[in-house]
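Reading the structure
This is what each chain is made of:
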Amino acid sequence: QVRLEESGGRSVQAGGSLRLSCEASVPEHIDQVRCMGWFRQSPGKEREGVAVIGHGGVSKYYVDSVKGRFTISRDVINNLIYLQMDNLKPEETAMYSCAAEITLAACNSRRLVTPSFPYWGKGTQVTVRS
């Protein structure tokens, strides 16, 4: 019903930057997605919440390890979110996925650890070379 498509992932050297994008295709009766976020997962590791953004684009939450280096933003009207990643580290190599929901469920930092997002994209690969 809601389709998410990520883009922007590629291979970069440590210290480099990338900007990921996620576009949500929303049925007419839904109009807009609300709480959205970025998550990452490497083979053999659990999925980790990276950043979450409220439906209005004002409230933003980040996992401690990326604070000051990553910035999440959104285009509310066009159902787009972005993740600007600066000073990337090798350990941040992962598949980065976009997630979204269409309800008014609470959107806060807790969603980083207990996301409960019903819609997910397939992800875009980010590789950070040392």
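Residues numbered from 1 in each chain as written. Predicted model: local features only at pLDDT ≥ 70, side-chain atom pairs only at ≥ 80, totals over all residues. Heavy atoms only, no water.

**Some remarks on the pairing of strand β5 (residues 48-53)**
Most of β5 sits out of view: five of its six residues are buried. Both strand β4 (residues 36-41) and β5 contribute to a ladder of five bridges, which runs antiparallel. By the bridge assignment for β5, Gly-37 is matched with Val-52. Turn length for the β5-strand β6 (residues 60-62) hairpin, with the two strands adjacent in sequence and antiparallel, is six residues, and the turn residue Gly-57 shows positive phi of about 80°. (Buried < 20%, exposed > 50% of the residue type's maximum accessible area, 1.4 Å probe, protein only. Helix = DSSP H or I, 4+ residues; strand = E, 2+ residues; numbered from the N terminus. Pairing = 2+ DSSP bridges.)

**So, the packing of aromatic side chains**
Both the distance between ring centres and the angle between the ring planes are used here to describe each pair of aromatic rings. One pass over the full model with this rule turns up three aromatic pairs. Plain terms: the ring middles of Phe-39 and Phe-117 are 5.6 Å apart, the flat faces sit at 70° to each other, and that makes the pair edge-to-face. Placement of the pair is Phe-39 in strand β4 and Phe-117 in the loop between β9 (94-100) and β10 (119-120), with a sequence separation of 78 residues. Overall, the relative accessible area of 2% leaves Phe-39 in the buried class. Relative to Trp-120, the ring of Phe-117 has its centre 6.2 Å away and its plane inclined at 90°; by these criteria the two rings are edge-to-face. A relative accessible area of 28% places Trp-120 in the partly exposed class. Across the ring face of Phe-117, the terminal group of Arg-111 is positioned such that the distance to the ring centre comes to 4.5 Å. (Phe/Tyr/Trp six-rings, centres within 6.5 Å; stacked < 30°, edge-to-face > 60°. Lys NZ or Arg CZ within 6 Å of the ring centre and 35° of its normal.)

**Regarding the side chain of Thr-124**
By secondary structure assignment, the location of Thr-124 is in strand β11 (residues 124-129). Assessed through its relative accessible area of 10%, Thr-124 is described here as buried. Within the structure, the side chain of Thr-124 is placed 3.0 Å from the backbone nitrogen of Gly-9, a separation counted as a polar contact. (Polar contact = N/O pair within 3.5 Å; in protein donor to acceptor, adjacent residues only side chain to side chain.)

**Observations regarding the state of the cysteines**
Per the stated rule, a full pass over the model turns up two disulfides. At a sulfur-sulfur separation of 2.1 Å, the disulfide partner of Cys-22 is Cys-98. One quick way to see it: the torsion about the S-S bond of Cys-22 and Cys-98 is about -80°, and its sign makes the bridge left-handed. Remark: Cys-98 occurs in strand β9 and Cys-22 occurs in strand β3 (residues 18-25); sequence separation between them is 76 residues. Its relative accessible area of 0% is what places Cys-22 among the buried residues. Sequential numbering of the bridged cysteines in the protein chain gives the disulfide pattern 1-3, 2-4. (Disulfide = S-S within 2.5 Å.)

**Overview of the sheet that holds strand β7 (residues 70-75)**
One open sheet holds the four strands; their spatial order is β1-β3-β8-β7, and the pairing between them is antiparallel. Strands with a single pairing partner mark the edges of an open sheet, and in this sheet they are β1 (3-7) and β7. Shown here is a sheet whose adjacent strand axes are inclined to one another by a mean of 15°, direction ignored. As judged from the six bridges shared by β3 and strand β8 (residues 80-85), these two strands associate in the antiparallel manner. (Axes fitted to C-alpha atoms, helices over the stretch in contact; angles between N-to-C directions.)

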